[in-house]
Amino acid sequence: MQWPICGLGESVKIRYIPVGWQQLIHNKTRLLIAVTGVAFSVLLLLAQQGIHTVMSEGNLRWHNALAYDLVILNPATEVLTQLEGISTDSIELASSVEGVAGVTAVSIAQADWHNPVDPSISRPIFVVGIKPENLSFQNTLNPEHTALLKLPGHFLFDARSHPDYGPVPALLARGNSLSVGLNEKTIVVSGLFEIGRSFGINGALLASRASFEELFSDKPATTRSLGLVHLKASVDPSTVQENLEERLGDSVIVLKNKQFKQRETRYWSYRTPTGYALALGTVISLLVGAIVVYQVLCAELREHHCEYAMLKAIGYNDRFFSRLVLQEALILAIAGFVPGAIIGAQLLNQAETATGLPLAMTAPGTIKALLLTLLMSTGAGYLAKRKLIMIRPADALQ
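Residues numbered from 1 in each chain as written. Predicted model: local features only at pLDDT ≥ 70, side-chain atom pairs only at ≥ 80, totals over all residues. Heavy atoms only, no water.

### Points about the packing of helix α12 (residues 318–355) against helix α13 (residues 363–389)
Which entries qualify depends on this criterion: Only the stretch in contact is used when a helix axis is fitted, and all axes are lines through C-alpha atoms; the angle between N-to-C directions ranges over 0 to 180 degrees. Numbering of helices and strands starts at the N terminus; helices are DSSP runs of H or I of at least 4 residues and strands are runs of E of at least 2. A clockwise turn of the near helix away from the far one marks a right-handed crossing, whereas an anticlockwise turn of less than a right angle marks a left-handed crossing. Nonpolar residues are Ala, Val, Leu, Ile, Met, Phe, Trp, Tyr, Cys and Pro. Charged residues are Asp, Glu, Lys and Arg, and all others, Gly as well, are polar.
Where α12 meets α13, the closest approach of the two axes is 8 Å, and the angle between their N-to-C directions is 145 degrees. α12 and α13 meet at a crossing whose hand is right-handed. In terms of residue class, the contact of α12 with α13 is made up of 15 nonpolar, six polar and two charged.

Listed below in structure tokens is the structure:
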């Protein structure tokens, strides 16, 4: 069937023409504005996804660095940076439970670090005390690290800490060790390890149990921050978890590795302003894009009101018009997503380099942003479609 498209040219066969695309490119300035608006919305979405990656992966860097099957915690503990103590009796008792190969006692606290270049600059630093030969840090420490930690008063510094802590890696490269002020005392930094930053940890130190207790002499010697449980081969973690909970009582809780990670992620997502800001930012991003797409589609409908009325007059039904508007909405979504994703990837890579946080785009995050963009544009198209359906054939005579 051939029909004249008012103001767009000669008679054409509608079934072979991408009408939605032709309508959009008819006004290139408006198309550019629409694509720019959608691209900006995509940038906002990707920024939220980057922050979400930090909460779901960056805040678990220390969890991933520790090799453990189960963890013994104080019930009040929710995150690694806010640990309540457990007694050494609980750790010793856990070691005797059937199926347990060993329990690593870990002490964690914050100390006041003085920049070695400018001691007037001080920052709180995450300090972890362990027995150097324990199994839990085998993925992080090598034999040289273990030997250094056994030296009294010697610490290892996280090379991926914030620059505010000073150029420690560069200073260590000039000599074998570095004297630094910590909690009004002087310690020796003799080596580096790498784990990285998160929302709650900008810098970190590793120490032996003896060095940790000397630094924090005010802390009870019979208290530890957590116990990392290692299981024997072919043992069911759930069974051992139940046995530990029964043996240790209500003074502690026992979680699997995955459960402790989920506990940390939930805290940052639902118990902090960051989580709520992330959700609100996502909603605002979608609203910005939806408004742009809706306004552009409505402007296009007003401009071609006569043509659409004529199409209705010659027999085209509402299903045709619904497909047409949704087609235009999806074109705008894809056309805006591509430049938005390219620019977003570059900006997030730069942000990751500057902050040390895992902000770079990931495949799941990119797919989620694409789906949200398509959903956003489809929703705006659905709302604009209602205006098109309300057009009457008689409007062609106006």
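Picking up where we left off.
### A word on the pairing of strand β7 (residues 154–158)
For the record, the criterion: Classification of residues uses two cut-offs on accessible area relative to the type maximum, computed with a 1.4 Å probe and protein chains only: under 20% is buried, over 50% is exposed, and between them is partly exposed. When DSSP finds at least two bridges between two strands, those strands are taken to pair.
Among the five residues of β7, five are classified as buried, and the element is accordingly described as predominantly covered. Residues of β7 alternate between two faces, with His154, Leu156 and Asp158 on one and Phe155 and Phe157 on the opposite face, all of them buried. With five bridges joining them, β7 and strand β9 (residues 185–193) adopt parallel strand pairing. Each residue of the ladder has a partner; that of histidine 154, found in β9, is valine 188.

### What to know about the pattern of salt bridges
Test applied: Just to be clear on terms, a salt bridge is a Lys or Arg side-chain nitrogen sitting within 4 Å of an Asp or Glu carboxyl oxygen.
This structure, assessed with the given rule, holds three salt bridges. Residues arginine 271 and glutamate 78 are paired through a salt bridge, measuring 2.6 Å at the closest nitrogen-oxygen approach. Note that arginine 271 is positioned in the loop between α9 (257–270) and α10 (273–303) and glutamate 78 in the loop between β3 (70–73) and β4 (86–87), a separation of 193 residues in sequence. Given the relative accessible area of 53%, arginine 271 is considered exposed.

### Description of the confidence of the model for the chain
Selection rule: Note on scores: pLDDT gives the predictor's confidence for each residue, bounded by 0 and 100. Contacts are assigned to residue pairs with any non-hydrogen atoms lying within 4.5 Å of each other.
When pLDDT is averaged along the chain, the result is 85; 92% of the residues meet or exceed 70. Counting contacts from residues 1–16, a segment whose pLDDT is below 50, to residues more than four positions away or on other chains yields 29 contacts.

### A word on the environment of glutamate 300
Summarising the element assignment, glutamate 300 is placed in helix α10. Separated by 181 residues in the primary sequence, glutamate 300 and proline 119 place their C-alpha atoms 64 Å from one another.

### Comments concerning the side chain of arginine 197
Basically, it comes down to this: A positive count includes Lys and Arg, and a negative count includes Asp and Glu. His and the chain ends are not counted in either.
Here arginine 197 shows up in the loop between β9 and β10 (204–208). For arginine 197, which is buried and forms no salt bridge, the nearest opposite charge comes from aspartate 158, at a distance of 7.6 Å. The residues touching arginine 197, leaving out its near neighbours within four places in the chain, are Gly58, Arg61, Arg160, Ser161, His162, Pro163, Asn202, Ala354, Thr355, Gly356 and Leu357.

### Quick notes on the environment of histidine 304
Assignment of secondary structure puts histidine 304 in the loop between α10 and α11 (305–313). C-alpha separation for the pair histidine 304 and lysine 232, spaced 72 residues apart in sequence, amounts to 73 Å.

### Here's the deal with the packing of aromatic side chains
Our working definition: Only Phe, Tyr and Trp rings are paired, with Trp represented by its six-membered ring, and only when their centres lie within 6.5 Å; those with planes under 30 degrees apart are stacked, over 60 edge-to-face, the remainder tilted.
Enumeration according to the criterion identifies seven aromatic pairs in this entry. Geometrically, the ring pair formed by tryptophan 62 and phenylalanine 126 is edge-to-face, given 5.4 Å between the ring centres and 65 degrees between the ring planes. Placement of the pair is tryptophan 62 in helix α3 (residues 61–65) and phenylalanine 126 in strand β6 (residues 122–130), with a sequence separation of 64 residues. Side by side, tryptophan 62 and phenylalanine 126 carry an identical accessibility label, which is buried. Ring geometry for tyrosine 267 against tryptophan 268: centres 5.5 Å apart, planes inclined by 85 degrees, an arrangement best described as edge-to-face. Per residue, the accessibility class of tyrosine 267 equals that of tryptophan 268, and both read buried. Taken together, the ring pairs in this structure connect Trp62, Phe126 and Phe193 into an aromatic cluster.

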